[in-house]
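# Report on the structure
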Amino acid sequence: MTQKTIDIEVLRYNPEKDYKPSYQTFEVPFADETSVLQGLQYIKDQLDGSLTFRWSCRMEICGSCGMMINGVPNLTCSSFLRDYYPGKLRIEPLSHLPIERDLAVDQTDFLQKLESIHPYIIPKENQSVEEGPFKQTPAQRERFYQYSECINCLLCYAACPQYGLDSDFLGPAAMALLHRYNSDSRDDGKAERMPIVNAQEGVWACTLVGYCSEVCPKGVDPASAVNRNKVNSTLDYFFRFMAPKGAAE
Amino acid sequence: MAEQSMPNQSLNQSSQRSLKRSNEPVFWALFGAGGVVAAFLLPAVILITGLAAPLGIPSPELFSYERASAFASSWAGALFLFIVISLSLWHGLHRVYHSSHELGIHRGPLLSVIRLVCYGTALGGTVLSAYWLIAAL
């Protein structure tokens, strides 16, 4: 039995040597269960050890292996070579982000944005261990749960045309996580986060394309987070003089 | 909390970066209100004034000048017309303004001109319709 093979064309770029990115094609043997990530690992192990890409968990948890597969942002660990056969694949680093080398992108911009939204629960008052945990009803948990599923894989940034045009935009994942904490009943940090929401670089740079939610591998709906906060920002705009800062729900 | 007390350079950077509150909520609220009008009231208005009236359904006298004028001169009628005209303009012209994005105009003086023309037209339509409706009361 001869093994099936598929052509994988990868973008190569070494900023220390190359004037601009170029493409290199490898012929990779595969079985039904071979993921695109395993295809890349085959190239690195057997064909060209210099190919650079990020990966870790191989099971849609770590969010490291996001790349453009034939122009679509995808996690390579949960995409399979069989689905592209008998065609070929073109694998590129995530769009809209600077290339560090080959398929690895520079995540600095996102990480700074993530920190700026204060992505942790800011309680009104700290509670001692003796007082027990902060309790929540299932309905209260439901309000933020899907947004907490984000694994920071940046597929949504590669999908967002607005972020591509102007990277000052806070972007889908950071806004989804901002909303995750703002809508958590244990959190009291909304006033700290609203200035980010209210800015042009916050929710108002979004034109509701919705592709971010389409590409999310974890079922998070960043587009809804952004657009719910357009309502919050509008309420905050008109009622800021009446209500305490950031109190508009 | 450990996370909060951690020294964090970029957090400081972002808190120092001045974030300016956008005025977009004003236009977005008018756009949203106009969307409700354009979706629910406008089709009925078009059906009545654009189709039923010229076809004389149910009767040609229903939209006679006297009747239409009396409607527009009443407080309720004037308010209705003002809402339909003004908010539909804000809705439509907000869309037109944001459509310049699709044509590749993302920033710069040309966009400012388009913005001025669009919102200026909406504001002009609002002021004029209010003026004429109030004058006719």
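Our subject is the structure listed above.
Residues numbered from 1 in each chain as written. Chains lettered and ligands numbered in written order. Predicted model: local features only at pLDDT ≥ 70, side-chain atom pairs only at ≥ 80, totals over all residues. Heavy atoms only, no water.

A separate point is the side chain of A:Ser35. In this structure, A:Ser35 sits in the loop between strand E2 (22-29) and helix H1 (36-47). Beyond its immediate stretch of four places on either side in the chain, A:Ser35 contacts A:Thr76, A:Cys77, A:Ser79, A:Phe80 and A:Leu81. (Helix = DSSP H or I, 4+ residues; strand = E, 2+ residues; numbered from the N terminus. Contact = heavy atoms within 4.5 Å.)

Let us look at helix H6 (residues 109-135) of chain B. All names here are of chain B. Look at H6: 38 Å from first C-alpha to last across 27 residues, which is about the 39 Å you get at 1.5 Å a residue. Three or more residues of H6 are buried, namely Leu111, Cys118, Tyr119, Ala122, Gly125, Thr126, Ser129 and Leu133. Along its buried surface, H6 packs onto helix H3 (24-55), helix H4 (65-73) and helix H5 (75-99). (Expected span 1.5 Å × (residues − 1). Buried < 20%, exposed > 50% of the residue type's maximum accessible area, 1.4 Å probe, protein only.)

Below, the discussion takes up helix H2 (residues 108-116) of chain A. Residue and element names in this part refer to chain A. Of the residues making up H2, those classed as buried are Phe110, Lys113, Leu114 and Ser116. Projected onto a plane normal to the axis of H2, the buried residues spread over an arc of 160 degrees and lie on a single side. After H2 finishes, the residue histidine 118 shows a positive phi value of roughly 55 degrees. (Arc of directions from axis to C-beta.)

Attention shifts here to the pattern of salt bridges. Counted according to the given criterion, the structure contains 12 salt bridges over all chains. The salt bridge involving A:Asp83 is made with A:Arg82; its shortest N-O contact spans 3.7 Å. A:Asp166 is the partner of B:Arg107 in a salt bridge, and the nearest nitrogen-oxygen pair spans 3.7 Å. Within this pair, whereas B:Arg107 is found in the loop between H5 and H6, its partner A:Asp166 is found in the loop between helix H5 (161-165) and helix H6 (172-182), the two belonging to separate chains. Of the residues examined, A:Asp166 reaches a relative accessible area of 32% and is grouped as partly exposed. What you see here is one network of salt bridges that share partners, running through A:Glu9, A:Lys88 and A:Arg90. (Salt bridge = Lys/Arg side-chain N within 4 Å of Asp/Glu carboxyl O.)

Before going further, it helps to examine the pairing of strand E1 (residues 5-12) of chain A. All names here are of chain A. A large share of E1 lies buried, amounting to 6 of its 8 residues. Two elements, E1 and strand E5 (residues 89-92), share 3 bridges in a ladder whose sense is parallel. Its bridge partner being in E5, glutamate 9 is matched across the sheet by arginine 90. (Pairing = 2+ DSSP bridges.)

Residue and element names in this part refer to chain A. Put simply, helix H7 (residues 190-198) and helix H9 (residues 222-239) touch, their axes get as near as 10 Å, and they point 105 degrees apart. Relative to H9, the element H7 is oriented roughly perpendicular. Contacts from Lys190, Met194, Val197 and Asn198 of H7 reach H9 at Asn229, Asn232, Ser233 and Asp236. When grouped by side-chain class, the residues that make up the contact of H7 with H9 number 2 nonpolar, 4 polar and 2 charged. (Axes fitted to C-alpha atoms, helices over the stretch in contact; angles between N-to-C directions. Parallel < 35°, antiparallel > 145°, perpendicular 65-115°, else oblique. Nonpolar A, V, L, I, M, F, W, Y, C, P; charged D, E, K, R; others polar.)

Interpretation note: all reported values are geometric properties and have no functional meaning in isolation.
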